[in-house]
Structure formats: C-alpha cells, structure tokens
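Analysis of the macromolecular model
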Amino acid sequence: MSDIVIKVENLSKQYRIGSREAGYKTFRETLVDSAKAPFLRLSGAMSKALRAWSKNIDSPPPAPGSKLSSPDDTIWALKNVSFEVKRGEVVGIIGRNGAGKSTLLKILSKIIEPTEGRVELRGRIGSLLEVGTGFHPELTGHENVYLYGAILGMDRWEVTRKFDEIVAFAELEKFIDTPVKKYSSGMYMRLAFAVAAHLEPEILLVDEVLAVGDAAFQKKCLGKMDEVADEGRTVLFVSHNMASIAALCSRGLLLSNGQLNMDSDSSSTIGAYLDGILSPSETSETFSSSHIRALGVHMRDLDNNASDKFKMGEGFKVIVDVIPNRTYHNVNLHLILRDRIGTKISTVCTPETPGGPFDIIGSTRLTATIVQNPLMPGDYSWFVRLRWQQHRSNLIEVENALSFSIIPRNLPEAPVAYGSIHGVVFLGAQLDQKLIAQ
C-alpha cells in the first residue's frame, strides 16, 4: 500500500473579482435560504423581470466586438501547485497573506473545487479552517459535538466513545450544555479543535485558528497535533507563527502569489520566507490607513546616522514619522520587538514608557531611544501600533514595519563569537575567580 495520502497535481484556482463563486454556500446560508424560499419565489421572479427591463432602458447595447469581461476581472489564488504528502508527515504551509494557503486547504477539505488540476486523498479528513465551522449556534456544545462529528464522517458510537475526552480537552465541562451562540470565539475554537483532533481523522488540516486561543491552550493544541503525528496520521498546518511551524513541522511548503516556491525541510523553508519579508533596508518604509495618511519608520544610531545594522550593546533610535488625516489626542505608541521567527522579545509602549501619550496635531515625529541594547547578534523586526485611547481603537498597526540586524562586536575580552544560538539577550555578566581554602 502506498504511503502517499495527499497527491496534488497542477492545482489551480481562479476567482472572479467582486463576485461570489456560484454553487457554494455555507451550511447556515443553506438553512436560511430554505426557510425564506416560499416567500421569495414570486418576488424573485418579479425582481428578475424588473432588473432586465431596467437594464434595457438605462444601459446602451454593447458595441460590436466589445468584451463583457476582461482578464483584470479574475485572479488566480493558486496556479499549477503540485506536491505529495506521506502518511505521518507534519507539513507547515507558510506565506504572506493572499499567498493561497487557505484556498489550498479549502480545496483539500472539499469545500471548494479547483479550476484546474486534481487532488487525490487517501483517508478521512478532519479540518479546522475557521472558528465555529460546522457548529449550529442554537444547539448546545453537547449537541454540536455530535453534529460536528457527523460532518467529519463519524458514527454516533465513535463520538460517544470520545465525548468525555473531547470535553475535558476543551475545558468546557461547565458550559457543554449551553448554546454555542453564547460562547466566545476562544470557546468555539477550543471545542472545534477538540472534536477535530480527537475523532481520529487520518488527515488533519489546521488553518491558523490557534491564534484565537490563549497561550496555554495553543501549547496544548500543538502538543495534541504532535501526538496525532506520532500515531501515524498526517497534519497540514497553516500558520504565521514561525516558532510553531519550526517546533511542530518537519517539512515546509512556501506559497507566494498562488505558486509553490519551495518544498523543503521546515528550517530551510522558514529561512527563505523570512529572508523575503525581513530583508533589512536603509530606506524608510511608509505605510497608511484610513486614519493615518502616511507612517514612516526608520532607525538611526545615537549620532543620528541612518543604519539598519548595530553592534552588540550599541544604542539606537527608532523613529516613527506620522502624517494624520485629522487631529488625534491621547495617542499611545507601541513598538513590539520580534526575533527572526516572530517570537516577541520586548515592547516599548506608552504610557508605561515616559514621554507619552501624545497629541498628534499635524506632521509628527515620535522617537524611541534605546541607549544600550541587550540583544544578541541576529535579525529582528518592529511591529508598530498607534492606539487612540480616547476611542479605544487602533489608528494604524503594521507587522514587520522595519527590520534590522545586530552584529557581533570584536571585543578582546569576548572569548566566543556570539550568535543566535546563544539566545536573544546578552546579560553582560562580570566573571570572577577565587580560590576557596580547603
């Protein structure tokens, strides 16, 4: 028997921009449409006739030879993607937003059909693509466990056998008989993951939903997926958390603009992805939002020289230039420092840091000065957020707003060449030797 459980050949998916693909509706929409159907048949026919009449009056006929649509009306979410996955492999799928990751998992889950290409699946699939998929809001958690199990293709006795274990894993014993419409998004996710992971699918597809849970439950889920893989089942895991991908996955697929750019071990794939999004640049990066016309982010040394490389222990400045669309009072600045794989290292934020909050009346420069940085050599990036405390909303937030590097310093007293393998913080301890009398 072949060890290949997923075989994807020249898979492509095209969408028409601005329109919804016909033929696919959510379970909830199907129920609602069924209830409305008796009342809409007559009005629907009348509306159709009225629209046709109105179009004929208001719109001139198309010119001879003109096209009703153009290639600009469509987009390829996936294009000629091919790969194979063996039984028991844990594969991470990474890429920027819009790279095609979620589309790929939806095709594998048989939620949508490909435009071109084919997929072969050997084994029962459990998918966790978005919070609450397969749940009915009016039913209790208890009832939804059985409903979700049925959607995954489980018999009732299989669900009953695992029921207590599912509820205990989700930590929802007190709320299992409560309608899930009263659940928080985290409670939804915990129950959905518990069902999908415990009902023993041969293939488990997980798409970023772990971001909803708290840190303790995320760790619990990663442990469960590791356990699933140890049992010889296959896991495909989509995430923007490179630390989770590195810890869980032995192999990585890198998608970019709908195409498969790399299929290698997870470490190499993560490195290629980060090299693409964390390439240090001496030029200022500029961003915008509905509230901020322009946000520029750059770094300088303590002598005000622009740079993206700093020696261990050398101080630097992070400068944020803001051009607002209007005046904003009581604004807090958050600068979150992350390492190469996205782990949060530290945060500079007001009002905890002296100097803020700020009144942004016009073009404004905000400067955070780190006099002595404690970072080990490696690549780092800044997440930037401006939060308007008066309305408790974010004016703008930018992931990977700017990247920079810390390089070794050649000090005679340094006996080793420090690098990322030594961690992210340099403690700078003073060592001393003393002979203890016997």
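The following refers to the structure shown. Residue numbers run consecutively from 1 along every chain, following the written order of its sequence. With the structure being a predicted model, the display of local features is reserved for residues of pLDDT at least 70 and the display and counting of side-chain atom pairs for 80 or more, all residues being used for whole-chain, interface and lining totals. The basis for the side-chain values is all heavy atoms of the structure; hydrogens and waters are excluded.

As a further point, take the overall build of the protein. Counting secondary structure elements, the protein contains 8 helices and 19 strands. Remark: exposure states derive from per-residue accessible area (1.4 Å probe, protein chains only) relative to the maximum for the residue type, with buried under 20%, exposed over 50%, and partly exposed in between. In the protein, buried positions account for 39% of the 438 residues. In this description, contact between two residues means that some pair of their heavy atoms is separated by no more than 4.5 Å. Restricting the contact set of the protein to residue pairs at least 6 apart, pairs at least 24 apart contribute 71%. Where helices and strands are cited, they refer to DSSP runs of H or I of at least four residues and of E of at least two residues respectively, numbered from the N terminus.

Our focus in this paragraph is helix α5 (residues 185–198). Along its 14 residues, α5 runs 20 Å from first to last C-alpha, staying within 8% of the 20 Å computed at 1.5 Å per residue. Within α5, 13 of the 14 residues are buried, leaving the element largely enclosed by the surrounding structure. Once α5 ends, the next one or two residues include Glu-200, with phi positive near 55°. Each helix should span, by expectation, one fewer than its residue count multiplied by 1.5 Å.

Glancing now at the sheet that holds strand β7 (residues 234–238). Two strands form a pair only when DSSP identifies at least two bridges running between them. Taken in spatial order, the 6 strands make up an open sheet running β5-β6-β7-β3-β8-β9, and their pairing is mixed. Looking at which strands have only one partner, the edges of the open sheet turn out to be β5 (125–128) and β9 (259–265). Adjacent strand axes in the sheet meet at a mean angle of 15° when their direction is disregarded. The sheet contact formed by strand β3 (residues 90–94) and β7 spans 4 bridges and is parallel. By the bridge assignment for β7, Ile-93 is matched with Val-238. Angles here are taken between N-to-C directions and fall from 0 to 180 degrees, while the axes themselves are lines fitted to C-alpha atoms, restricted in helices to the stretch in contact.

If you look at soluble globular proteins, the nonpolar side chains tend to sit buried side by side. Buried Ala, Val, Leu, Ile, Met, Phe, Trp, Tyr and Cys residues that are joined via side-chain atoms within 4.5 Å together make up what is termed a nonpolar core. Within the largest apolar cluster, 47 residues are counted, with the highest numbers of intra-cluster contacts made by Tyr-148, Leu-191, Phe-193, Met-225 and Phe-237. Considering every element that reaches this core, the biggest residue donor is α5, with 10 residues. By size, the runner-up hydrophobic cluster in this structure holds 33 residues, among which are Val-318, Leu-366, Ala-368 and Ile-406.

The next thing to look at is the environment of Ala-368. Within the secondary structure layout, Ala-368 lies in strand β17 (residues 364–370). A residue is classified by how much of its surface remains accessible, and Ala-368, at 11% relative accessible area, is buried. Residues Ala-368 and Met-299, 69 residues apart in the sequence, show an inter-C-alpha distance of 9.6 Å. Contact partners of Ala-368, with chain neighbours within four places excluded, come to Phe-316, Lys-317, Val-318, Leu-335 and Val-348.

All right, on to helix α2 (residues 101–108) then. With respect to burial, α2 is a largely interior element, 6 of its 8 residues being buried. For α2, the full list of buried residues reads Lys-101, Thr-103, Leu-104, Leu-105, Ile-107 and Leu-108. Within two residues after α2, Lys-110 carries a phi angle of roughly 65°, on the positive side.

Relative to the helices and strands, Arg-190 resides in helix α5. An unpaired buried charge is present at Arg-190: no salt bridge exists, and Glu-171, the closest side chain of opposite charge, is 4.1 Å distant. Filtering out sequence-adjacent residues up to four positions away, Arg-190 remains in contact with Ala-170, Glu-171, Leu-172 and Phe-217. Just so you know, the count uses Lys and Arg for positive and Asp and Glu for negative, and it drops His and the chain ends. By convention in these notes, a salt bridge is any Lys or Arg side-chain nitrogen within 4 Å of a carboxyl oxygen on Asp or Glu.

With that settled, the discussion passes to the packing of helix α3 (residues 141–151) against helix α4 (residues 156–170). Helix packing geometry: the angle between the two helix axes and the distance between the axes. With their axes 10 Å apart at the nearest point, α3 and α4 run at an angle of 130° to one another. Relative to α4, α3 is oriented oblique. Between α3 and α4 the crossing geometry is right-handed. Judged by residue contacts, His-142, Val-145, Tyr-146 and Gly-149 of α3 engage Arg-156, Val-159, Thr-160, Phe-163 and Ile-166 from α4. The nonpolar class holds Ala, Val, Leu, Ile, Met, Phe, Trp, Tyr, Cys and Pro. Asp, Glu, Lys and Arg form the charged class, and all remaining residues, Gly among them, are polar. Its residues assigned to classes, the contact of α3 with α4 shows 5 nonpolar, 3 polar and 1 charged. When describing relative orientation, an angle under 35 degrees is termed roughly parallel and one over 145 degrees roughly antiparallel, while 65 to 115 degrees is termed roughly perpendicular and anything else oblique. Two helices that cross are described as forming a left-handed crossing if the nearer one is turned anticlockwise from the farther one by less than a right angle, and a right-handed crossing if clockwise.

Moving on, we come to the packing of α4 against α5. Two numbers describe how α4 lies on α5: the axes approach to 8 Å, and their chain directions differ by 140°. On the basis of their axis angle, the class for α4 and α5 is oblique. Seen from above, α4 lies across α5 with right-handed handedness. Listed contacts from α5 to Lys-162, Glu-165, Ile-166, Phe-169 and Ala-170 of α4 are Arg-190, Leu-191, Phe-193, Ala-194, Val-195 and His-198. Here the residues of the contact of α4 with α5 are counted per class, giving 7 nonpolar, 1 polar and 3 charged.

Within 6.5 Å between ring centres, the rings of Phe, Tyr and Trp (the latter by its six-membered ring) count as paired, and their orientation is classed by plane angle as stacked under 30 degrees, edge-to-face over 60, tilted in between. Taken as a whole and assessed by the stated rule, the structure comprises 9 aromatic pairs. Note on Phe-169 and Phe-193: the rings are 6.0 Å apart at their centroids and 25° apart in plane angle, and the pair reads as stacked. Placement of Phe-169 in helix α4 and of Phe-193 in helix α5 is noted, with a sequence separation of 24 residues between them. By relative accessible area, Phe-169 is classed as buried at 10%. A centroid spacing of 6.3 Å and a plane angle of 80° characterise the contact between Tyr-183 and Tyr-188, whose relative ring orientation is edge-to-face. Residue classification places Tyr-188 among the buried residues on the basis of a relative accessible area of 14%. An aromatic cluster is defined as three or more aromatic residues linked by ring pairs; in this entry it consists of Phe-310, Phe-316, Tyr-380, Trp-382 and Phe-404.

By themselves, these figures tell us nothing about what the structure is for.
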